[in-house]
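Structural features, examined
If you want the building blocks of each chain, they are given just below.
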Amino acid sequence: QVQLVESGGGLVQAGGSLRLSCVVSGSFFSINGMEWYRQAPGKQRELVASITRAGSTNHADSVKGRFTISRDNAKNTVYLQMNSLKPEDTAVYYCNSDVMIQGKQYRYWGQGTQVTVSS
């Protein structure tokens, strides 16, 4: 019913930049909060950044000053601009979307996109 597709991942050297995109499609009334998570092998999934429908943002301490979450409501898309990348940023990045369907909120996840930062 609702699908999230991430893109923009890849291999980059330390200090480089990547921009991740996540497009939400399907049948829904609106999108509330949107988030980016990441998970490294053997590690627990962690919240990287979140953004409300109005545009208020929060970023994990580990990425503050380097990553920026944003969204385009008209395109049902959330972005994660990643600058000054470090090897420890290597992980699969997942998009999450809280969508309204028939008066109720549901959480949907994308399949993830790999980000690898080499030293």
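Here is what the cut-offs are and how they apply
Residues numbered from 1 in each chain as written. Predicted model: local features only at pLDDT ≥ 70, side-chain atom pairs only at ≥ 80, totals over all residues. Heavy atoms only, no water. Salt bridge = Lys/Arg side-chain N within 4 Å of Asp/Glu carboxyl O. Buried < 20%, exposed > 50% of the residue type's maximum accessible area, 1.4 Å probe, protein only. Helix = DSSP H or I, 4+ residues; strand = E, 2+ residues; numbered from the N terminus. Polar contact = N/O pair within 3.5 Å; in protein donor to acceptor, adjacent residues only side chain to side chain. Contact = heavy atoms within 4.5 Å. Disulfide = S-S within 2.5 Å.

1. A closer look at the pattern of salt bridges
- Tallying each qualifying case throughout the model produces five salt bridges.
- One salt bridge in this structure joins Asp-61 and Lys-64, with 3.2 Å as the shortest N-O distance. In this pair, the class of Asp-61 matches that of Lys-64, namely exposed.
- One salt bridge in this structure joins Asp-98 and Arg-107, with 2.9 Å as the shortest N-O distance.
- Linked through salt bridges whose partners overlap, the residues forming this network are Arg-38, Glu-46, Arg-66 and Asp-89.

2. Let's talk about the side chain of Asp-98
- By secondary structure assignment, the location of Asp-98 is in strand β9 (residues 91–101).
- Here Arg-107 takes part through its side chain, which lies 2.9 Å from a polar atom of the side chain of Asp-98.
- Ignoring anything within four residues of it in the chain, the contact list for Asp-98 reads Ser-30, Ile-31, Asn-32, Gly-33, Glu-35, Gln-105, Tyr-106 and Arg-107.

3. A closer look at unusual backbone geometry
- The backbone phi angle of Asn-76 is positive, close to 50 degrees, even though this residue is not glycine.
- Following the sequence through the fold, Asn-76 ends up in the loop between β7 (67–72) and β8 (77–82).
- Non-glycine residue Gln-102 carries a positive phi angle of around 50 degrees.
- Structurally, Gln-102 is set in the loop between β9 and β10 (104–109).
- Judged by relative accessible area, Gln-102 falls into the exposed class, the value being 79%.

4. A few points about the state of the cysteines
- Counted by the stated rule, this structure contains one disulfide.
- The disulfide partner of Cys-22 is Cys-95, and the S-S distance across this bridge is 2.2 Å. Its S-S torsion of about -85 degrees marks the bond between Cys-22 and Cys-95 as left-handed, since a negative value means left-handed. You can see Cys-22 sitting in strand β3 (residues 18–26) and its partner Cys-95 sitting in strand β9, a full 73 residues away along the chain.

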